Amino acid sequence: MVCASQPLAAQAGLEILKQGGNAVDAAIAAAACLTVTEPVSNGIGGDAFAQVWYQGRLYGLNSSGPAPALAEAEKIREKGYSAMPKQGWIPVTVPGIPAAWASLSERFGALPFKELLSPAIQYAEEGYPISPTVSELWEEEFRRFMKASDEEDGALYRRWFEVFAPEGAPPKAGEIWRSPAHAETLRELAATNCASFYQGALAEMIDAFSKAGGGFLRKEDLEQYAPEWVEPVTVRYRGYDVWEIPPNGHGIVVLMALNLLEGFSFGARDCPDTIHRQIEAMKLAFADGLHYIADPAWMRVETERLLSKEYADSRRRLIGESARLPEHGDPHCGGTVYLCTADREGNMVSYIQSNYNGFGSGLVVPGTGIALHNRGANFSLDPSSDNCIAPGKRPYHTIIPGFLTKDGQAVGPFGVMGAFMQPQGQVQAVTNLIDFHMNPQAALDAPRWQWTGGNSVEVEPSFPQWIAADLRRRGHALTIAADSLSFGRGQMILRQDNGVYLGATEPRADGMAAVW
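Nothing here was measured: the structure is a model prediction, and the numbers come from that model.

The rules behind the values
Residue positions within a chain follow its written sequence, with the count starting from 1. Predicted model: local features are reported for residues with pLDDT of at least 70 only, side-chain atom pairs are reported and counted for 80 or more only, and whole-chain, interface and lining totals are derived from all residues. Heavy atoms from the whole structure form the basis of all side-chain values; hydrogens and water molecules are not counted. Put simply, DSSP H or I for four residues or longer makes a helix, DSSP E for two residues or longer makes a strand, and each gets a number counted from the N terminus. Here the globule rule is a power law, 2.2 Å times the number of residues to the power 0.38, and the radius of gyration is based on C-alpha atoms. Think of it in three bands: with a 1.4 Å probe and only protein chains considered, a residue is buried below 20% of the maximum accessible area for its type, exposed above 50%, and partly exposed in between. Here, Shrake-Rupley sampling with a 1.4 Å probe gives the accessible areas, and only protein chains in the shown set may cover a residue. Residues scored as positive are Lys and Arg, those scored as negative are Asp and Glu, and His as well as the terminal groups of each chain are ignored. Every charge is mapped onto a representative atom, which is NZ of Lys, CZ of Arg, CG of Asp or CD of Glu. Every axis corresponds to a line fitted to the C-alpha atoms, with the helix fit spanning only the stretch in contact, and the corresponding angles, defined between N-to-C directions, vary from 0 to 180 degrees. In this scheme, roughly parallel covers angles under 35 degrees and roughly antiparallel covers those over 145, while 65 to 115 is roughly perpendicular and the rest are oblique. Here a crossing is taken to be left-handed if its near helix is turned anticlockwise relative to the far helix by less than a right angle, and right-handed if that turn runs clockwise. We call two residues in contact when some of their heavy atoms are within 4.5 Å. Under the grouping applied here, Gly and all other residues not named as nonpolar or charged are polar, the nonpolar ones being Ala, Val, Leu, Ile, Met, Phe, Trp, Tyr, Cys and Pro and the charged ones Asp, Glu, Lys and Arg. Counting of polar contacts relies on pairs of N or O atoms within 3.5 Å, with two restrictions inside protein: one atom must be capable of donating a hydrogen and the other of accepting it, and residues adjacent in sequence are counted only when both atoms are side-chain atoms. Only strands that DSSP links by at least two bridges are regarded as paired with each other.

Visitor: Which parts of the structure should I look at to understand the overall build of the chain?
Guide: Assigned secondary structure in the chain consists of 19 helices and 20 strands. Relative to the 2.2 N^0.38 estimate, which gives 24 Å for 516 residues, the radius of gyration of the chain is 22 Å and therefore close to what a compact globule would have. The C-alpha extent of the chain, read off along each of the three principal axes, is 60 × 55 × 40 Å. Taking all 516 residues of the chain together, 63% fall into the buried category. When the accessible area of the chain is evaluated, it comes to approximately 18,300 Å², of which 49% is carbon and sulfur surface. Side-chain charges in the chain split into 43 positive and 60 negative, and the spacing between the mean points of these groups amounts to 3 Å.

Structure below.
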């Protein structure tokens, strides 16, 4: 089974399974396809994380890149910035996606790597019809870069328009879009097992582009990069083990929120008490996460302290009947795509990759189709922050692949893409599954809320109005969103005791659960 946010990518992964590939091969093929078929959310120039259940064991991969050696907070402040910008060269960090593909294939793959990129190459070269949600997001990005071109140096974004709006406008749903340069780059990656991106011709092109544009990124930064295999972190929630990648990602925000919620008993999902407690737990978890999460080499608080049951007990006492402004505690006292795959041998992959904001920095490497991400925008410029930008340091990261096990056996991969909505979407999906016994599709379809800061909460148009009214009475500054685009786009695969897979992909995306 392959569940992805775009049907052609899901079908590409399925074809790899039919050719004898395993779940890891299928994940790589689908991921490569998504850089072509959903470029508004991810690309070759972004970062990736994965959790892999392989032959009875769970593995974690952190393929997020660090700040370049030339990137220093003082230099950026001298340019007049008080906070990290979201566009241009300054937020560009070393991309990790090609390295993730190569590392996953080398360690777990069954098919030759070059075969895995064939579907993506074909779609980039021959074209494919744009799907509706992708078209809508593309339109938003087009407006963003039009505004940036008016306010900044228009030449900075010229190549973005040449590649992603060649007719002077973003492609509409149903239109055929091609990217020959993207196809050539994918061929180069396929032929070199992605080494070209870090040590070869592509690295030289990125280096030259950065130097010409005044960027910090150099080929030496690319040459020195390697992904990190990590031990996933976990908490027990009502008999299930929920697994996330440790910092610098914010997967532990999910785990901290679940630790808080485990101390409550829930009767029904559509109940004001339930939603209120979930929101308050999410706020407290995020307050801690935003304060403490950084590159683990720079964190002053251990992940284990943040995930301890004792700390959760102390934080839970702050959740009362009314909304309150969140503040971080003291534990010493107590634009992304997600996909998942599963094969007949029981191997499963939870995989996520991202440009961060839509198309990322707005910079496209000449002649390659590579849109460079803007993940460094999550750094702080405050020298007292654990997350202050520094050479070789990885930023606070929002993309988080989740995984469930029970009694030492795999239950399955899950994820909800969407920047700071990701932990919120994951918590809602997990509680829907475990507390309210929903099937995977219902768990993803259910109306969502999202905390946006302070006491502000947005809910989807389909959210029950009587619950919304009750939450307002409790002090939540609640608004009803005009659409569901910002509430995440998730996929999930769960394995039943008899080996049958249940797959789901939600209607907030153009996705598909493809099965063979």
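From this point, the narrative continues.
Visitor: Would you mind going over the packing of helix α1 (residues 7-18) against helix α2 (residues 23-37) with me for this structure?
Guide: Helix-helix packing is described using two parameters, namely the angle between the two axes and the distance between the axes. As a packed pair, α1 and α2 sit with axes 8 Å apart at the nearest point and diverge in direction by 150 degrees. Between α1 and α2, the angle falls in the class roughly antiparallel. Relative to α2, the crossing made by α1 is right-handed. In this structure, α1 contributes L8, A9, A12, G13, I16 and L17 to the contact, and α2 contributes A23, D25, A26, A29, A30, C33, L34 and T37. Taken together, the residues that form the contact of α1 with α2 break down as 11 nonpolar, two polar and one charged.

Visitor: Which parts of the structure should I look at to understand the side chain of S63?
Guide: Within the secondary structure, S63 sits in strand β3 (residues 57-63). Polar side-chain contacts of S63 include one of 3.4 Å to the backbone nitrogen of A100. A polar atom in the side chain of S63 sits 3.4 Å from the side chain of Y225. Setting aside anything within four residues of it in sequence, one finds S63 in contact with D47, A48, G96, I97, A99, A100, Y225 and P227.

Visitor: Could you clarify how one ought to interpret the sheet that holds strand β19 (residues 501-505) in this entry?
Guide: Sheet strands line up and pair through hydrogen bonds in the backbone, either parallel or antiparallel. The antiparallel open sheet is built from six strands, whose spatial order is β7-β8-β13-β14-β18-β19. The sheet is open, and its two borders are formed by β7 (233-237) and β19, each paired with just one other strand. The sheet shows a mean angle of 20 degrees between the axes of neighbouring strands, taken without regard to direction. Relative to strand β14 (residues 409-417), strand β13 (residues 402-406) is paired through five bridges, and the arrangement is antiparallel. Each bridged residue has a counterpart across the sheet, and for G402 the counterpart in β14 is F414. In this fold helix α17 (residues 422-434) packs onto β7, β8 (240-244), β13, β14 and β18 (489-495), with an angle of close to 140 degrees to the strand it touches most, β14.

Geometric values such as these leave the question of function open.
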